[in-house]
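This is what each chain is made of:
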Amino acid sequence: MNALKVEGLAKSYPGFTLEGVSFTLARGRIMGLIGKNGAGKTTVLKAVLGLVPADGGEIELLGRPRAGHELEWKQKLGVVLGGIDFYRGKRLSVITEVIRRFYRGWDERACRRYLDEFALDPRKKVEELSAGMRVKYLVALALSHGAELFVFDEPTSGLDPVSRDELLTIFRALTADGTRSILYSTHITSDLEKCADDITYIKDGRLLSSGEKSVFLRSFQHLQTAEDTGPLTLEDIMVRTERREFHV
């Protein structure tokens, strides 16, 4: 059973159309979602999360469509946003107590374990946490209610390289047992080089390519030039692709 299946996803706004986007995320894998600003990445994520209604297409989470399974979906989704902020003056213990009431499968023992593992003091206020620690707190909350699909939108944006690497290690550990998956949108493509299993590339509202990372990278090797001293990176591919129209 796949963690996520998106088939023919379409959404129109004035001046922008997302058209026929399809991809599949298997369980236990991390999929990097790439594309320049305005390409449609955020629209895809919002559709998956149910924040915007799709104009067409189907989305299945853990083999189930949203229709008739909305509550179950929300119990199994963990959302980690780099820019999210809670009430800055509230202690983590207070915020956790509020959030746990929304999840019927909340595991208080697991919550305490993850807070301890991530060195998060429940007595601290949000304003006392670094940006990286706030991301860890979101991950801990999602793990505490048994999330099986994590949706990450720029979770490491603005973090220093050491903090980013620490979080990437945590992200890989999340999927290690094969039960949890991550859909990861970021403009820091070097992070995806380190942690992603699959890559999905959206350009101008359309799916350009989606597949296992090494296969994805090889499919763009025709963009390589004599001046290149090594294999193309994801950043190389995006820069060269956005400069010209071509077909994979």
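As a starting point, this report considers the structure included with it. These numbers were taken from a predicted model, which means no experiment stands behind them.

A few words on the overall build of the chain. Looking only at helices and strands, the chain has nine helices and ten strands in total. A globule of 248 residues ought to have a C-alpha radius of gyration of about 18 Å, and the chain, at 19 Å, matches this closely. Taking the principal axes of its C-alpha atoms as reference, the chain extends roughly 55 × 45 × 35 Å. Intrachain contacts of the chain at a sequence separation of at least 6 include 66% that bridge at least 24 residues. Put simply, the chain shows about 12,400 Å² of open surface, and 50% of that area lies on carbon and sulfur atoms.

We now examine the side chain of Thr-241. Tracing the chain through its elements places Thr-241 in helix H9 (residues 234-243). Here Thr-241 falls in the buried class, since its relative accessible area comes to 1%. Looking at Thr-241, its side chain comes within polar contact range of the main-chain oxygen of Ile-237, at 2.5 Å.

Now for the layout of surface pockets. Its volume calculated, the largest pocket comes out at about 560 Å³. Broken down by secondary-structure element, the contributors of at least two residues to the lining of the largest pocket are helix H2 (70-76), strand E6 (77-81), helix H3 (92-100) and helix H5 (131-144). Looking at the lining of the largest pocket element by element, the count peaks at four residues for H2. Class assignment of the residues belonging to the lining of the largest pocket gives a composition of 14 nonpolar, four polar and two charged.

Moving on, we get to the nonpolar core. Among the nonpolar cores identified, the biggest contains 48 residues, and Phe-150, Phe-171, Tyr-184 and Phe-216 are the most heavily contacted of them. It is H5 that provides the largest number of residues to this core, a total of nine residues. In contact with Tyr-184, other than residues within four places in its own chain, are Ile-30, Met-31, Gly-32, Leu-33, Phe-152, Pro-155, Thr-156, Leu-168, Phe-171, Asp-191, Leu-192 and Cys-195. With 27 residues, the next largest nonpolar core counts Ala-3, Val-21, Val-151 and Leu-183 among its residues.

Take the side chain of Arg-240 next. Position of Arg-240 among the secondary structure elements: in helix H9. Here the side chain of Arg-240 touches Leu-223 through a polar contact of 3.0 Å, landing on its backbone oxygen. Not counting the four nearest positions on each side in its chain, Arg-240 is found in contact with Leu-223, Gln-224, Thr-225, Asp-228 and Leu-232.

Another point: the packing of helix H4 (residues 108-117) against H5. Running from N to C, H4 and H5 point in directions that differ by 155 degrees, and their axes come no closer than 8 Å. In this view, H4 runs roughly antiparallel relative to H5, as classed from their interaxial angle. The crossing of H4 and H5 is right-handed. Residue-level inspection shows Ala-110, Cys-111, Tyr-114 and Leu-115 of H4 in contact with H5, the latter providing Tyr-137, Ala-140, Leu-143 and Ser-144.

Thresholds, definitions, all that
- Numbers given to residues run from 1 along each chain, matching the order in which its sequence is written.
- For a predicted model such as this one, the threshold for reporting local features is a pLDDT of at least 70, and the threshold for listing and counting side-chain atom pairs is 80 or more; totals across whole chains, interfaces and linings nevertheless cover every residue.
- Side-chain calculation: all heavy atoms of the structure are included, whereas hydrogens and water are not.
- Each helix is a run of H or I in the DSSP string that is no shorter than four residues. Each strand is a run of E no shorter than two, and both are numbered from the N terminus.
- In this treatment the radius of gyration is a C-alpha quantity, and the globule benchmark scales as 2.2 Å times the residue count to the 0.38 power.
- Contact criterion: two residues are considered in contact whenever any of their non-hydrogen atoms come within 4.5 Å of each other.
- Surface exposure here means Shrake-Rupley accessible area, sampled with a 1.4 Å probe, where a residue is shielded only by the protein chains that are shown.
- For every residue, the accessible area (1.4 Å probe, protein chains only) is compared with the maximum for its type, and the residue is labelled buried under 20%, exposed over 50%, or partly exposed between those bounds.
- In protein, a polar contact means a hydrogen-donor-capable atom and an acceptor-capable atom, both N or O and within 3.5 Å, with residues adjacent in sequence counting only if both atoms are side-chain atoms; elsewhere, any N or O pair within 3.5 Å suffices.
- A pocket, in this scheme, is an open set of points on a 1 Å grid over the protein atoms alone with protein on both sides within 12 Å along at least 5 of 7 lines, while a cavity is a set where a 1.4 Å probe fits but cannot get out; residues line either one if an atom lies within 4 Å of a point.
- Grid points are joined across faces, edges and corners, and a volume is the space filled by probe spheres set on the points.
- Residues are sorted three ways: Asp, Glu, Lys and Arg are charged, Ala, Val, Leu, Ile, Met, Phe, Trp, Tyr, Cys and Pro are nonpolar, and all the rest, Gly among them, are polar.
- Among buried residues, the Ala, Val, Leu, Ile, Met, Phe, Trp, Tyr and Cys ones that are joined through side-chain atoms within 4.5 Å form a nonpolar core.
- The axes are straight lines fitted to the C-alpha atoms, using for helices just the contacting stretch, and the angles between their N-to-C directions are given from 0 to 180°.
- Angle categories are assigned with fixed cut-offs, so that under 35 degrees is roughly parallel, over 145 is roughly antiparallel, 65 to 115 is roughly perpendicular, and the rest are oblique.
- By convention the crossing between two helices is left-handed if the near helix lies anticlockwise of the far one by an angle smaller than a right angle, and right-handed if it lies clockwise.

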